[in-house]
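# Secondary and tertiary structure notes
Chain residues, written in single-letter form:
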Amino acid sequence: MVRAGVTAMMLGVAGLRAQQVAVLPEAKSATQGVAERFEFASDGPMGPGWTRPDAIARVYFKGELPALFTRTLQLDGEVPERSRLSWIFTGPHAGMTVELTSSKVRLTERFYDSTALGGGGNYPDKTVREVEQQYVGHARELTVVVDAHLAVTVLLNGERVLVAPLLFDLTRQQLMFSGPRNEHLTLAGALLAETTQDATIAVDATKV
C-alpha cells in the first residue's frame, strides 16, 4: 500500500511537471540574414483553389528541404489572440505542422500515402502524433530542427519546448495564417537564411 501510494504520488508529480507552462526568455537579435519575408492579414485576400473557398492566401517558401535541417521564423510581433500561425511541412508520404498561437505551440504528424489510413474520400490521412505546450512570454522566434536522431525539436526564442520522434522525410514548407475574417489581425515576419557550416571527414586508410 505504501509503495502504491508513493508510485501514485510520483506519477502525479510527473503529470504536474508535464502540464507546466513554459516561460519564454526574451528573443535575441538574429545574426542570420533574411531568406523570405511574409505578411498576413485576417481580412486579406483569399487563397486560390475551390478546396479553400474563404481561407487566407498561404505563403509557399521556395526550394526543397534537405534531409536534416534547421529553419527559423522571426516574427515582427506576437501572434494576435484568436489567430493561429501554421508552419506546414510536407513530404512524399507524410507531413507535420507546427501551430503557434498567443499562448500555445502544437506539433502534429500525419500520414497521407495510403487509402488504408481510412477517413474516406480521395485524400485519406491519419494523425499519428500530437503534442503541445502552453507558454507565457513574447514568442518572436520559432525554430524547427530535424536531426539525425530521427527526431524533431521545436524551439521558441531559443528555448526547447517540444521534442517528438520523426520517421519520415520532408521536402517542402508553407505558412498558413488563420483568424476571424471580419477583423483586421495582422502578422508579419521572415524566414531566416541558413548559414553554411564546415564539416570534416577523417578517413583511416588502414581500415576497410
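What counts and what doesn't
- What you see as residue numbers is a count from 1 along each chain, following the sequence as written.
- Where totals are concerned, whole chains, interfaces and linings use all residues; where local detail is concerned, this predicted model gives features only for residues with pLDDT of at least 70, and gives and counts side-chain atom pairs only at 80 or more.
- Where side-chain values are given, they derive from all heavy atoms of the structure, hydrogens and water being excluded.
- Segments assigned H or I by DSSP are reported as helices when at least four residues long, segments assigned E as strands when at least two residues long, and all are numbered from the N terminus.
- Exposure categories follow from relative accessible area, calculated using a 1.4 Å probe and restricted to protein chains: below 20% of the type maximum is buried, above 50% is exposed, and the middle band is partly exposed.
- Here the open area of atoms and residues is found with the Shrake-Rupley method and a 1.4 Å probe, where only the protein chains shown may cover a residue.
- Here the positive residues are Lys and Arg and the negative ones are Asp and Glu; neither His nor the chain ends is included.
- One speaks of a salt bridge when a side-chain nitrogen belonging to Lys or Arg is within 4 Å of a carboxyl oxygen belonging to Asp or Glu.
- Only heavy atoms enter the contact rule, under which two residues are in contact if any of them lie within 4.5 Å.
- At least two bridges found by DSSP between two strands is the condition for calling them paired.
- Axis lines are fitted to C-alpha atoms, over the contacting stretch for helices. Their N-to-C directions set the angle, which ranges from 0 to 180 degrees.
- Confidence of the prediction at every residue is given by pLDDT, a number between 0 and 100.
- By the criterion applied in these results, polar contacts are pairs of N or O atoms within 3.5 Å in which, for protein atoms, one can donate a hydrogen and the other can accept it, and in which residues neighboring in sequence qualify only through two side-chain atoms.
- Here is the rule: rings of Phe, Tyr and Trp (six-membered ring for Trp) pair when centre to centre is within 6.5 Å. Planes less than 30 degrees apart are stacked, more than 60 are edge-to-face, and the remainder are tilted.

So, about the overall build of the protein. In terms of regular secondary structure, the protein is built from one helix and 13 strands. Reading the protein from its N terminus to its C terminus gives the helix and strand order α-β-β-β-β-β-β-β-β-β-β-β-β-β. Counting across all 208 residues of the protein, residues that qualify as buried make up 37%. For the protein, the accessible area works out to roughly 13000 Å², and carbon and sulfur atoms hold 54% of it.

For Arg71, the location among the structural elements is in strand S4 (residues 69–75). The side chain of Arg71 sits in the buried core without any salt bridge; Glu194 is the nearest counter-charge, 4.4 Å away. Filtering out sequence-adjacent residues up to four positions away, Arg71 remains in contact with Leu65, Pro66, Trp87, Leu142, Thr143, Val144, Gln173, Leu191 and Glu194.

The subject of this paragraph is the sheet that holds strand S6 (residues 94–100). Note: strands within a sheet are paired through backbone hydrogen bonds, in either parallel or antiparallel orientation. In space, the seven strands of this open sheet follow the order S1-S8-S7-S6-S5-S12-S3, with mixed pairing throughout. A single partner strand is all that each edge strand has here, and the edge strands are strand S1 (22–23) and strand S3 (59–60). In the sheet, S3 pairs with strand S12 (residues 172–178) via two bridges, with the strands oriented antiparallel. From the neighbouring strand, Val59 faces S12, where its bridge partner is Leu175.

In terms of residue burial, S6 counts as a mostly covered element, since seven of its seven residues are buried. Here S6 shows no split at all, with Ala94, Met96, Val98 and Leu100 on one side and Gly95, Thr97 and Glu99 on the other all buried. As paired elements, strand S5 (residues 84–90) and S6 share six bridges and run antiparallel to each other. Pairing of Phe89 across the sheet is with Met96, part of S6. Between S5 and S6, which follow one another and run antiparallel, lie three residues.

Turning our attention to the pairing of strand S7 (residues 104–111). Pairing geometry for S6 and S7, over seven bridges, is antiparallel. What sits directly across from Gly95, in S7, is Arg110. The turn joining S6 and S7, which pair antiparallel and follow one another in sequence, is formed by three residues. Sheet topology note: the S7/strand S8 (residues 126–136) ladder contains eight bridges and is antiparallel. Each bridged residue has a counterpart across the sheet, and for Arg106 the counterpart in S8 is Glu132.

Okay, the sheet that holds strand S13 (residues 186–192) next. With antiparallel pairing, six strands are arranged side by side in an open sheet as S2-S13-S4-S9-S10-S11. Bordering the open sheet on either side are strand S2 (34–41) and strand S11 (159–165), each of which pairs with just one other strand. Recorded for the sheet is a direction-independent mean angle of 20 degrees between the axes of neighbouring strands. As defined by bridge partners, S2 adjoins S13 across seven bridges and the pair is classed as antiparallel.

Summarising the model, the protein shows a mean pLDDT of 87, and 88% of its residues fall at 70 or more. Across residues 1–18, where pLDDT falls below 50, the model places zero contacts with residues more than four positions away in sequence or in other chains.

What follows is about the side chain of Thr143. Of note, Thr143 is situated in strand S9 (residues 141–147). Within polar-contact distance, the side chain of Thr143 engages the side chain of Thr72 at 3.0 Å. Sequence-distant contacts of Thr143, defined by excluding residues within four places in its chain, comprise Thr70, Arg71, Thr72, Thr153, Val154 and Leu155.

For the structure shown, the criterion picks out five aromatic pairs. With a centroid separation of 5.9 Å and 45 degrees between ring planes, the pair formed by Phe38 and Phe40 is classed as tilted. Here Phe38 falls in the buried class, since its relative accessible area comes to 2%. Phe40 gets classed as buried once you look at its relative accessible area, which sits at 5%. Taken together, the ring pairs in this structure connect Phe38, Phe40 and Phe177 into an aromatic cluster.

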